[in-house]
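Understanding the architecture of this molecule
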Amino acid sequence: MITVLRIFIFIIFSSYISLFAQTKVLTLNNAIDIALEKSYQVKSMKLSLIKAEENLAAAKGRFKTNAEMNLQVPTWSEHVSELQQPNALPVFNTTSTYLYQGNLDINQPLPTNGLFTLRSYAYHRDISNFTSSLEKEKRKEIYTSLSLRFSQPLFTINTLKLGLKTANLNHESTLKRFKRSELEIVYNVTSAFFSLYQATRRMEIAEETTTQQRELYDLSKKKYEAGLIPEVEALQMEVDLAEQQNDLVSTQGELSRRLDSFKQLIGLQLSDQITVKTDFDFQPFAVDLTRAVEIALDKRLELRETEIDIELAKISVKQVDAYSEVKADVSAFYDITGVSDPYISYNSSLGTLWNSSIDDLKDRPNNRGVAINFTIPLWDWGVNKAQVQAAKADLKNSELYLVELKKTIEREVRNVVSQLKEAENRLNVLDKNRNVAQRAFDISLKRFENGDITSQDLSLVRNQLTNAKFSYLGAYIDYKLAIAELKKTTMWDFEKDTSVVD
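An account of the accompanying structure is given in this report.

The rules we used
- Residues numbered from 1 in each chain as written.
- Predicted model: local features only at pLDDT ≥ 70, side-chain atom pairs only at ≥ 80, totals over all residues.
- Heavy atoms only, no water.
- Helix = DSSP H or I, 4+ residues; strand = E, 2+ residues; numbered from the N terminus.
- Buried < 20%, exposed > 50% of the residue type's maximum accessible area, 1.4 Å probe, protein only.
- Polar contact = N/O pair within 3.5 Å; in protein donor to acceptor, adjacent residues only side chain to side chain.
- Expected span 1.5 Å × (residues − 1).
- Contact = heavy atoms within 4.5 Å.
- Salt bridge = Lys/Arg side-chain N within 4 Å of Asp/Glu carboxyl O.

1. Quick look at unusual backbone geometry
- Here the amide bond leading from Val73 into Pro74 is cis, since omega sits at -5°, within 30 degrees of zero.
- Along the chain, the position of Pro74 falls in strand S2 (residues 66-85).
- The residue Asn113 is not glycine, and still its phi comes out positive at about 80°.
- Of note, Asn113 is situated in the loop between strand S3 (88-109) and strand S4 (115-130).
- Of note in this structure, Trp381 is not a glycine but carries a positive phi near 60°.
- Along the chain, the position of Trp381 falls in the loop between strand S8 (367-375) and helix H9 (383-449).
- A residue is classified by how much of its surface remains accessible, and Trp381, at 79% relative accessible area, is exposed.

As structure tokens, this is what we get:
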């Protein structure tokens, strides 16, 4: 029996040690670091940032030389065609064609939104023709061409430069949102951390209170058995113990739920074992309201994001308004072409055909041409005008939002500075109240042991001590959250007097 008991104790002890070893104790900075690496929000924003970076790279790449090749190897067709003959009945011929062709385009975009294209084109064709009299004609040929082409839009916006500017603005906006998202995560983790810490401390206070109440119950039971107090006082202590045990179970359940929410927020698995700790450090610092407002109006990332939205809205107005403008395109080409001699024997090699094509290319007159094309809108029943007015309304809305946002930021700073001062004052008052409640409980406990007060009097003092501890804890949490809110609202750490953005 003793051996079994030792094994049982050893198993329990080993399990406890294993659980303790696996439990990770997190400080606020630990939790923030984990969230900035593993949380869903960070991962999502990183992908958005990658998207913006790639779009910007693509917009820059549109200014660079690019090449494209198109091949058809082969194209085969065979069909019957009707040929009309003067003063005779039509005849039907069957034509069979094997075609191998390809072209290579080397494009050089111009900053003016124009384009130079160097095109090389060639094909090898094998043609067979069967007449109605079953006679067969066949021929092989090679066609080669080298051309330089130019096109340039006139009297219209430069879509190439506009695309680059839009991509740059979107990239900058995404960077601002990414940084703002990081700061939002820091605040959310801070809020959840102290909420979890509050639940942890409430459970610890409930455990301490339950232990005290159990000791008081045992003491009152002994005093009742010794005839020193009436039975009703002993029963009241038993009722208080049951209520305290119920409160302990409630705080344990709340802590478990807060733990799961916190682990999901920072990107941990729900099965991970963690606990949090912090120091009750309280070092007041001064915050000048005027300076805080000025810093917020200079550092808040939403202001630049809204300015970018205004710039994008202006671009949109230009693009929509351009639809009704007179447009013109200038295009030009110059090419040299060579076709192999059609009378070369069908059984000649590809090299012979190619050389014949090159010889013809040297002798044949060059091709050239210039074209100017105008597009003049006449009427569209007010469609474009309505679209322009709609785009201008969006622009005006963004400008109004910027003005309102500055007012909102100033109001938020004023509120958070007021909340910080209020939390600091409450913390000072409740700290004294907690110390007084602790001394009152210690004195009342001795008086109860001496029989000077009843169990109801002691329970009242104990409840006052518990409430004082909870009130101080709540004030401390409010103070820490007010500091975090101040950082988020002003983008400035007033404790260290440094920016949280730069």
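2. Description of the side chain of Ser357
- Looking at where Ser357 falls in the secondary structure, it is placed in helix H8 (residues 350-363).
- Engagement of the side chain of Ser357 in a polar contact is seen with the side chain of Thr144, the distance being 2.8 Å.

3. Here we look at helix H3 (residues 40-61)
- Here H3 is 22 residues long and its end C-alpha atoms lie 32 Å apart, about the 32 Å a rise of 1.5 Å per residue gives.
- For H3, the secondary structure elements touched by its buried residues are helix H2 (28-38) and helix H4 (159-225).

4. Here's the deal with the pattern of salt bridges
- Evaluation of the coordinates by the stated rule reveals 22 salt bridges.
- For Glu254, the salt bridge is made with Arg257, and the minimal N-O distance between the two is 3.1 Å. Here the residue Glu254 and the residue Arg257 both occupy positions in helix H5 (residues 231-266), the gap between them amounting to three residues, near one helical turn.
- Of the charged contacts, one joins Asp493 and Lys487 as a salt bridge, the two residues approaching to 3.6 Å between their closest N and O atoms.
- For Asp493, a relative accessible area of 7% translates into the label buried.
- When salt bridges that share partners are traced, they join Glu172, Arg304, Glu307 and Glu311 into one network.

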